[in-house]
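# Notes for the structure review
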Amino acid sequence: MEVKEKSKKRELIKTIAIVFLTVLLLLTFFSQTIMNASLPEVATQVVSGGTINAKIRGTGTASANESYEVILDQTREIRSVCVKVGDTVQQGDLLFVLGDVESQELKEAQEALANLNIEYQKKILNFSKEYATEDRDVAKLQEDLEKAIADRDANQVTEAEISYAKGDLASAKNEDSQITQLLEDLAKFETENANYLNAKKELDKWEKEVTTQESEVARLEGLLKEIKETGTVDLDQAVQDARNALERADMQWASDWLAYREDLNALIKAMNSDDAASIKFRDETGYSGTLSEFSGNTPKNINSDYQKYLDAFLTQMGKSESPVDGGNEDIGKTRAASTYSEYKTAYETLIKDQDDVETKKLTYDRAVESRDEKSGSATIERRDIQNQLDDAQSELTKAQREARSAQATLDTVTATYREQRNRYTTAQQTVKTNIELLTEKLDELTEKQKTYEAALATIAEKERALTDALSGKDIDKQLDNLDLQSARLDIQKQQELVEKYRQDTIDTEIKASVSGTVSAINVTAGKDNKPGEAMAVIDVVDRGFTIRIPVTNDQARQVKIGDEAEVTNYYWGGDVKATLEAIANDASKPGQGKLLVFRVTGEVEAGTSLTLAVGQKSSAFETIVPKSALRSDSNGDFVLVITAKSTPLGNRYTATRADVQILASDDVSAAVSGLSAGDYVITTSSKPLDAGTQVRMVENQ
């Protein structure tokens, strides 16, 4: 019994152990599966050797082989900036207009010189007054000096005034030049705009036609005037009078027809009705009631049958004691107030008009027949000329109408152009007037300056003469003369300083010293420049452009001078070519890198960023990786390689960083150093990776 219990306990312990181990194995298996499911999935490729027809690629910025900097060594006010970045300038083109020609140093030196001169002149005048009563020559020199000083003070013109006058004149001339260019550009509208050219062509055609028809009308009118006929003028006048009478009769008939047609139709309806008067009328005349009413606004002939029956019916109505109003409801609605007298008036008026037209027509026909019988060939010729004249006048009217229409079209096309042209023309007239005034002002200032300079020369001459006159044997004179000489020496030194500053001073206009493209403007109108700093930079385009691309020493050994590079990212200009011109040391990586210097030609500008690819011969390398495996950061280029670690539950894979140096590359692969053949590099990943991250391999990899 006791043995059985012990056996049961062992079985229980065994069972528990088996269950525990089973659970442990299951947990271990599922934890591996869960962990693998959460790891980034990567694709890899083995590192192997091979051949690469590589292209060395790099990006650089085009810089002009030669640039000219516009620099001033003195502070000056910028009055006007006459160019902008990107402008092409020729040697001698105006770049800037400056203000005051005097720098601050020059102004201070001039003020000091003026003060020394004034002190000197005071001394010499004071000394000369002491001896003027004794020496007539001294008195005369003193008078001449005072007059020269007065002339100087009356005509004093500063360099600043001359500078501003020149600057204003230069700015006005520059504005005039700009407006002239705008007007020249606008003038191209009349020679290049298709809409304008078509409208102008159409207007010219019809204006020419108007002139032609006016000449033809004038010629025909002259022929008519020259033809003199005997005995035909009165006949033509008779025909014209008859025609006019006929036209008036027709117009009267038409007018009365509109006025009385409804009354006439009411009369016919009354005649066709069944009232007592119309029944009696039919009995007496045998009328069968077949006359129709008249329609339309054009007069219709009332023939003899109508007249016979209407006359009889009106007679019957006149005999009736109570004239009918038509006896018909419809007629009553149409003209409720109709009476016998109204019917009679309407009927007789229309019959009278009809007869009058026939009479006038007969008179007109007879007049024409009479004229034709009595008129000869002159009348026929005149009639032919008159017909031609009528046709010419009709064509003239048409041409004038078409010319007006063409002018309106042209006005519409040129409205904006004319408005701009008129505005610029008016502005240019104002500028030209301003130029004339500024020129007169500058001439006036220049003339005053000449007078001022002449007075200065006279003052200097008289001062020297007075100095000599005061250098006598008298001890006082000698002492005074020494004092003057000392003051004169100070003036001379200050004058030399002024001249030095003047030699360094330029005029109010700064012009281009070279031809090229403006790549930088560093100043603004209305402000001062900074001495020694470039106001503008001009790229000398004729000297070409250069791009420098850093490469490794190994890459530099794979190219040679003269190799052509492919430009891969420039789509805005024409053909751009890059040729390897030099291989230089890279100062930023001494001993480790080189600079490939390319000469660039074609439609390119300074500052343009270009990507170049220069080819090399096929080379064999031991370690080649896909370009998709390459990565880079601040520490350089690297790849992530797979390292495996064996565990009881299987292999664990980790992404490990391996720094590399790119030796060569093509569009797909790159040859690198720092790896070994057979290494597995990560090419793609389902999640972002860092070095040290545990990963799982793509199945079937």
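What counts, and at which threshold
- Residues numbered from 1 in each chain as written.
- Predicted model: local features only at pLDDT ≥ 70, side-chain atom pairs only at ≥ 80, totals over all residues.
- Heavy atoms only, no water.
- Helix = DSSP H or I, 4+ residues; strand = E, 2+ residues; numbered from the N terminus.
- Buried < 20%, exposed > 50% of the residue type's maximum accessible area, 1.4 Å probe, protein only.
- Contact = heavy atoms within 4.5 Å.
- Areas by Shrake-Rupley, 256 points an atom, 1.4 Å probe, with all protein chains shown as cover.
- Patch = residues over 30% accessible without salt bridge, like charges linked within 9 Å, V, L, I, M, F, W, Y side chains within 5 Å.
- Salt bridge = Lys/Arg side-chain N within 4 Å of Asp/Glu carboxyl O.
- Pairing = 2+ DSSP bridges.
- Phe/Tyr/Trp six-rings, centres within 6.5 Å; stacked < 30°, edge-to-face > 60°.
- Lys NZ or Arg CZ within 6 Å of the ring centre and 35° of its normal.
- Axes fitted to C-alpha atoms, helices over the stretch in contact; angles between N-to-C directions.
- Core = buried A, V, L, I, M, F, W, Y, C linked by side-chain atoms within 4.5 Å.
- Expected span 1.5 Å × (residues − 1).
- Arc of directions from axis to C-beta.
- Lys, Arg positive; Asp, Glu negative; His and termini not counted.
- Charge placed at Lys NZ, Arg CZ, Asp CG, Glu CD.
- pLDDT = per-residue confidence, 0-100.
- Parallel < 35°, antiparallel > 145°, perpendicular 65-115°, else oblique.
- Left-handed = near helix turned anticlockwise from the far one by under 90°.
- Nonpolar A, V, L, I, M, F, W, Y, C, P; charged D, E, K, R; others polar.

## As for the overall build of the chain
A tally of helices and strands in the chain yields 14 helices and 24 strands. Taking all 701 residues of the chain together, 36% fall into the buried category. A sequence separation of at least 24 residues applies to 78% of the contacts in the chain between residues at least 6 apart. Summed over its atoms, the accessible surface of the chain is roughly 41,400 Å², and 49% of this surface lies on carbon and sulfur atoms.

## Some thoughts on a nonpolar patch on the surface
Nonpolar side chains collect at one region of the surface, where Phe20, Leu21 and Leu24 lie side by side and expose about 310 Å² of accessible area between them. As for its placement among the helices and strands, Leu24 is situated in helix H1 (residues 2-38). Overall, Leu24 belongs to the partly exposed group, its relative accessible area being 43%.

## Notes on the pairing of strand S15 (residues 593-602)
Sheet faces and side chains relate simply in a regular strand, where the side chains alternate between the two faces. Strand direction decides the pairing type here: strand S12 (residues 545-552) and S15, joined by eight bridges, are antiparallel. Bridge pairing in S15 places Ile549 opposite Leu596. Relative to S15, strand S14 (residues 576-585) runs antiparallel, the two sharing nine bridges. Note that in S15 the partner of Ile583 across the bridge is Leu596.

## Considering the packing of aromatic side chains
Scanning the model with the defined rule gives five aromatic pairs in all. Centroid distance Phe281 to Phe313: 5.4 Å. Interplanar angle 75°. Geometry classified as edge-to-face. With Phe281 in helix H8 (residues 276-285) and Phe313 in helix H9 (residues 304-319), this residue pair connects regions lying 32 residues apart in the sequence. By the burial criterion, Phe281 is buried, and Phe313 matches it. Taking the centre distance of 5.2 Å and the plane angle of 50° together, the rings of Phe294 and Tyr306 count as tilted. Taken together, the residues Phe294 in the loop between H8 and H9 and Tyr306 in helix H9 connect sequence positions 12 residues apart. One aromatic cluster is present, built from ring pairs that chain together Phe281, Tyr287, Tyr309 and Phe313. The side chain of Arg657 reaches across the aromatic face of Phe638, ending 3.9 Å from its centre.

## A few points about the sheet that holds strand S2 (residues 48-52)
Strands sit in the order S2-S17-S22-S21 across an open sheet of four strands; the sheet is antiparallel. In this open sheet, the two edge strands, each paired with only one partner strand, are S2 and strand S21 (661-665). Here the strands of the sheet are splayed against their neighbours by 60° on average, with no regard to which way each runs. Here three bridges tie strand S17 (residues 619-626) to strand S22 (residues 669-673), and the two strands are oriented antiparallel to one another. Within S22, the residue paired with Val625 across the bridge is Ala670.

## Examining the sheet that holds strand S6 (residues 78-81)
One open sheet accounts for three strands, arranged S6-S8-S9; its pairing is antiparallel. In this open sheet, the two strands that pair with only one neighbour each are S6 and strand S9 (509-511). Strand after strand, the sheet turns through a mean of 20° between neighbouring axes, direction not considered. The pairing of strand S8 (residues 94-98) with S9 spans three bridges and is antiparallel. Looking at the pairing, Leu94 lines up with Lys511 of S9.

## Considerations on the nonpolar core
Membership of the largest hydrophobic core comes to 31 residues, with the highest contact counts inside it found for Leu264, Leu267, Met271, Ile302, Leu310 and Tyr347. Per-element accounting of this core gives the leading share, 12 residues, to helix H7 (residues 233-272). Contact partners of Leu310, with chain neighbours within four places excluded, come to Leu264, Leu267, Ile268, Met271 and Tyr347. By size, the runner-up hydrophobic cluster in this structure holds 20 residues, among which are Ala62, Val551, Leu580 and Leu612.

## Here we look at H9
Taking 1.5 Å of rise per residue, 16 residues should cover 22 Å, and H9 covers 23 Å from first to last C-alpha, within 8% of that figure. Those residues of H9 lying buried are Tyr306, Tyr309, Leu310, Phe313, Leu314, Gln316 and Met317. Down the axis of H9, the buried side of the element spans an arc of 160°, and every buried residue falls inside it. Away from its buried face, by an angle of more than 90 degrees, H9 presents the exposed residues Ser304 and Lys319.

## So, the environment of Val498
For Val498, the position within the fold is in helix H13 (residues 475-503). Taking the relative accessible area as the measure of exposure, Val498 reaches 1% and is therefore buried. Sequence spacing of Val498 and Glu108 is 390 residues, and the spatial spacing of their C-alpha atoms is 9.0 Å.

## Quick look at the pattern of salt bridges
Where side chains of opposite charge bring their charged atoms close, a pairing between them can arise. For the coordinates displayed, the defined rule picks out 17 salt bridges. We note a salt bridge from Lys344 to Glu348, for which the minimum N-O separation is 2.5 Å. A residue pair is termed a helical-turn pair when its members lie 3 or 4 positions apart in one helix, as Lys344 and Glu348 do in helix H11 (residues 340-374) at four residues. Lys344 gets classed as partly exposed once you look at its relative accessible area, which sits at 30%.

## As for a negative patch on the surface
Side chains of Glu436, Glu440, Asp443 and Glu447 sit close together on the surface and give a patch of like negative charge. With respect to the helices and strands, the residue Glu436 is situated in helix H12 (residues 377-469). Looking at Glu436, the relative accessible area reads 52%, which means it is exposed.

## As for H8
One turn of the α-helix equals 3.6 residues, which is why residues spaced by three or four share an orientation. Within H8, the full set of buried residues consists of Ala277, Ser278, Phe281 and Arg282. For H8, the angular spread of buried residues about the axis comes to 135°, placing them on one side. Exposed residues on H8 whose side chains face more than 90 degrees from its buried face are Ala276, Asp283 and Glu284. Two residues or fewer past H8, Gly286 is found with a positive phi of approximately 75°.

## Focus: the confidence of the model for the chain
Confidence in the prediction for the chain averages 78 pLDDT; 81% of positions are at 70 or higher. Across the chain, the secondary-structure element scoring lowest on mean pLDDT is helix H10 (residues 329-334), at 41, and the one scoring highest is strand S18 (residues 631-633), at 90. Contacts from residues 321-337, a stretch scored under 50 in pLDDT, to residues over four places away or in other chains number 28 contacts.

## Focus on the side chain of Gln316
Mapping Gln316 onto the fold places it in helix H9. Given a relative accessible area of 9%, Gln316 falls into the buried group. Filtering out sequence-adjacent residues up to four positions away, Gln316 remains in contact with Ala277, Lys280, Phe281 and Glu284.

## Topic: the packing of H8 against H9
The interhelical angle for the contact between H8 and H9, taken along N-to-C directions, is 125°, at an axis separation of 10 Å. With respect to their mutual orientation, H8 and H9 come out oblique. Seen from above, H8 lies across H9 with right-handed handedness. Residue-level inspection shows Ala277, Ser278, Lys280, Phe281, Glu284 and Thr285 of H8 in contact with H9, the latter providing Tyr309, Ala312, Phe313 and Gln316. When the residues that make up the contact of H8 with H9 are grouped by side-chain class, the tally is five nonpolar, three polar and two charged.

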